[in-house]
Amino acid sequence: MPTLPKGTIETEEVWKRFRSDDRPSYLQDQLSRVGDRLRGRSRPSYRWALNDISMSAKPGESWGLVGANGAGKSTLLKILSRVMYPTAGEVRVAGRVGALIEVRAGISPLLTGRENIFLTGSIRGLKRRDVASRFDEIVSFAELDHAIDRQVKYYSSGMQMRLGFGVAAFLQPDVLLVDEVLAVGDATFQQRCLDRIRTVLHDGATLVFVSHDLAAVEATCANGVWIHNGTVQKTGAVREVLSAYRAAVEGEAAVSRPEIRGLIHVREITAASPDGGLAKTGGPLRVSLTLDSREHYRAWIYLGVSEGAATPIFLLNPGRETMLEPGSTHVSCEIPALPLPSGRYYVWGGVYKDWTNGTELIGWQPLTQFDAYGPELDAAPRAVVRLSPLHVESSWEIGRS
């Protein structure tokens, strides 16, 4: 078999299973197991964490893994870093691997920060002088000048995370595996991590990034894999994968929410252009809803538009004060110029008694969805996190002096 270029990742039909958790051995459990044996029933002793996972990453590519908690993302990362091995299938990772899978992964609490840096470099096959040449960069990045000779067990979680990321990202990795590191640090450190990831990618390393921060995944990665219950649901360009994942999350929420009901009830809701057609970028969008109430309420209605998550792209401000009488009340809100590119979006809303902080008549939740027609949004520069996919018209002038 030919040698793979450094930075190559290949997985073929990877399966991973774990033994099921043992239940407390109570008498009723023992009797239940005996009864199952007499009836010829068998309980599964294993659970599958990964089912037939295949992916291929070339040197210099960036891949984001997304999915719900327990989907198998971290398990796959641990297999790629050789922390654990698959039950079946083949995994090939060429080159030096830098992994930050957990805050304390690869860091010995009994050693000092300095000793951990040199030990990790030695384990990766780097010469001491190579580690020494990057030592100051690692310490400066981790902001540990005052604590580098202190035992790591006396570090805070944030200090350990900064040290772990600095070691993983600065010691010449051919493959960088990162799991939720951006969820631990503050905003400043998150941006520095993104900047460092951009540098590592520019140097030709391959990135596999796991995060629930979909904006960070889109900003960092060009390709994506959506994993659900250990199975690959979609792979391809990161924006397409994230769009499918958001739609699935919202679809599951809609199934579990057959009626929009609180102290009052939303009977009807639509979101479309005023003529009832498809909403268009830069065109008007009208949201109409019918509220049924059994009592008199002084209420405030708030609406927002989201890609699926509870954090809206924008919130219509101010909300609308409305007097709800017993019976049905029809409410209509129109956005004169929709600032969204082509895609599927969701209207979220909430109704509150008396004021914003009052009793929830209807809690903040998705109300309906709509599709917008218009130009596609261009990709942002690498490592630039775009929180809201807004389409803003602009004009440019370029001249020479």
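Relevant structure appears above.
The structure presented is a predicted model; accordingly, all values stated were derived computationally and were not measured.

(A) Focus on the sheet that holds strand E2 (residues 46–57). Across the sheet, which stays open at both edges, the three strands sit in the order E2-E1-E4 with antiparallel pairing between neighbours. Of all the strands in the sheet, just E2 and strand E4 (88–93) have a single pairing partner and so form its edges. Recorded for the sheet is a direction-independent mean angle of 30° between the axes of neighbouring strands.

(B) Here's a closer look at helix H4 (residues 128–142). An ideal rise of 1.5 Å per residue puts 21 Å on 15 residues; H4 measures up with 20 Å between its terminal C-alpha atoms. For H4, the set of buried residues is Val131, Arg134, Phe135, Ile138, Val139, Phe141 and Ala142. For H4, the elements touching its buried residues are helix H3 (113–123), helix H5 (157–170) and helix H6 (187–202).

(C) Quick look at the packing of H4 against H5. In contact at an axis separation of 8 Å, H4 and H5 are set at 145° when each is read in the N-to-C sense. Where H4 crosses over H5, the two elements pack in a sense that is right-handed. The segment H4 lies against H5, with Arg134, Glu137, Ile138, Phe141 and Ala142 engaging Arg162, Leu163, Phe165, Gly166, Val167 and Phe170.

(D) Expanded view of the pairing of strand E8 (residues 223–228). Counting buried positions along E8 yields five of six residues, so the element is predominantly enclosed. Note that strand E3 (residues 62–66) and E8 share four bridges and pair parallel. Its bridge partner being in E8, Val66 is matched across the sheet by Trp226. Bridge count between E8 and strand E9 (residues 231–237): six bridges; the pairing is antiparallel. Residue pairing for E9: His228 is matched across the bridge by Thr231. Taking the residues between adjacent antiparallel strands as the criterion, E8 and E9 are bridged by two residues, where Asn229 takes a positive phi near 55°.

(E) Representation of the sheet that holds strand E16 (residues 327–335). Read from one edge of the open sheet, three strands run E10-E12-E16, paired in antiparallel fashion. Strands at the two margins of the open sheet, each flanked by one partner only, are strand E10 (265–272) and E16. The average angle at which neighbouring strand axes cross in this sheet is 10°, direction not considered. Bridge analysis of strand E12 (residues 285–293) against E16 gives nine bridges, and the strand direction is antiparallel. The residue of E16 that forms the bridge with Ser293 is Gly327.

Analysis parameters
Residues numbered from 1 in each chain as written. Predicted model: local features only at pLDDT ≥ 70, side-chain atom pairs only at ≥ 80, totals over all residues. Heavy atoms only, no water. Pairing = 2+ DSSP bridges. Helix = DSSP H or I, 4+ residues; strand = E, 2+ residues; numbered from the N terminus. Axes fitted to C-alpha atoms, helices over the stretch in contact; angles between N-to-C directions. Expected span 1.5 Å × (residues − 1). Buried < 20%, exposed > 50% of the residue type's maximum accessible area, 1.4 Å probe, protein only. Contact = heavy atoms within 4.5 Å. Left-handed = near helix turned anticlockwise from the far one by under 90°.

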